[in-house]
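# Commentary on secondary and tertiary structure
Chain by chain, the residues:
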Amino acid sequence: MNIQFKKGALEFLVLLIIKGEDQYGYSLVQKITPRIAIAEGTVYPLMRRLVKEGYLTTYFKPSTEGPARKYYKITEEGRERLQSLLAEWKDFTDAVNLFIKESETDE
């Protein structure tokens, strides 16, 4: 898959997943990679940025498999950002789909 497509959609995907349930970094990677191949290292800088921008908060939760894990939780600002991204995504995909449809009728 085109790297620019993935890069543009990753923030949107992360917020969608965390909106449904708090996540730790590795769990996010596990949810995304069956559908979209990403490197684990791409998620952590994004998570730090989303926390810094106030879209996510963090907390630690004990783990039965080792040290406590850092979980990410969406904030109200994060929910607003997600709604904005959703509207932008719909506008973008509608426009792209129109181009695809028009190109198919030109053939």
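For the structure, check the block above.
What comes next concerns the included structure. Since this is a predicted model, take the numbers as computed values, not measurements.

### Quick look at the environment of Lys 19
Mapped onto the elements, Lys 19 comes out in helix H1 (residues 3-20). On the basis of relative accessible area, Lys 19 is assigned to the partly exposed category, the value being 41%. Taking the C-alpha atoms as reference points, Lys 19 and Thr 93, 74 residues apart in sequence, are found 22 Å from one another. Look past the residues within four positions of Lys 19 in its chain and what remains in contact with it is Ile 74, Arg 79 and Leu 82.

### Structural notes on the side chain of Ser 63
Looking at where Ser 63 falls in the secondary structure, it is placed in strand S2 (residues 56-63). For Ser 63, a relative accessible area of 18% puts it in the buried group. At a separation of 3.0 Å, a polar atom in the side chain of Ser 63 contacts the main-chain amide nitrogen of Glu 65. Excluding residues that lie within four positions of it along the chain, Ser 63 makes contacts with Ala 68 and Arg 69.

### Focus: the nonpolar core
Ranked by size, the top nonpolar core spans 20 residues in total, and within it Val 14, Leu 15, Ile 18, Met 47, Leu 50 and Leu 56 carry the most contacts. Those elements that provide at least two residues to this core are H1, helix H2 (25-32), helix H3 (40-52), strand S3 (66-74) and helix H4 (76-105). Tallying contributions element by element places H1 first for this core, with five residues. Once you skip the residues sitting within four places of it in the chain, Leu 15 turns out to touch Leu 50, Tyr 55, Leu 56, Ile 74, Gly 78, Arg 81, Leu 82 and Leu 85.

### A few points about the packing of H1 against H3
Taken N-terminus to C-terminus, the directions of H1 and H3 make an angle of 75°; their axes are 11 Å apart at the nearest point. Judged by the angle between their axes, H1 and H3 are roughly perpendicular. Contact residues: H1 offers Leu 10, Glu 11, Val 14, Leu 15 and Ile 18, while H3 offers Thr 42, Leu 46, Met 47, Arg 49 and Leu 50. Partitioning the contact of H1 with H3 into residue classes produces seven nonpolar, one polar and two charged.

### Here we look at the pairing of S2
Note on strand geometry: in a regular strand, side chains alternate between the two faces of the sheet. As defined by bridge partners, S2 adjoins S3 across seven bridges and the pair is classed as antiparallel. Residue Thr 57 lies in a different strand from S3, and its bridge partner there is Lys 73.

Definitions and limits used
- Residues numbered from 1 in each chain as written.
- Predicted model: local features only at pLDDT ≥ 70, side-chain atom pairs only at ≥ 80, totals over all residues.
- Heavy atoms only, no water.
- Helix = DSSP H or I, 4+ residues; strand = E, 2+ residues; numbered from the N terminus.
- Buried < 20%, exposed > 50% of the residue type's maximum accessible area, 1.4 Å probe, protein only.
- Contact = heavy atoms within 4.5 Å.
- Polar contact = N/O pair within 3.5 Å; in protein donor to acceptor, adjacent residues only side chain to side chain.
- Core = buried A, V, L, I, M, F, W, Y, C linked by side-chain atoms within 4.5 Å.
- Axes fitted to C-alpha atoms, helices over the stretch in contact; angles between N-to-C directions.
- Parallel < 35°, antiparallel > 145°, perpendicular 65-115°, else oblique.
- Nonpolar A, V, L, I, M, F, W, Y, C, P; charged D, E, K, R; others polar.
- Pairing = 2+ DSSP bridges.

Don't take any of this as a statement about function, it's just geometry.
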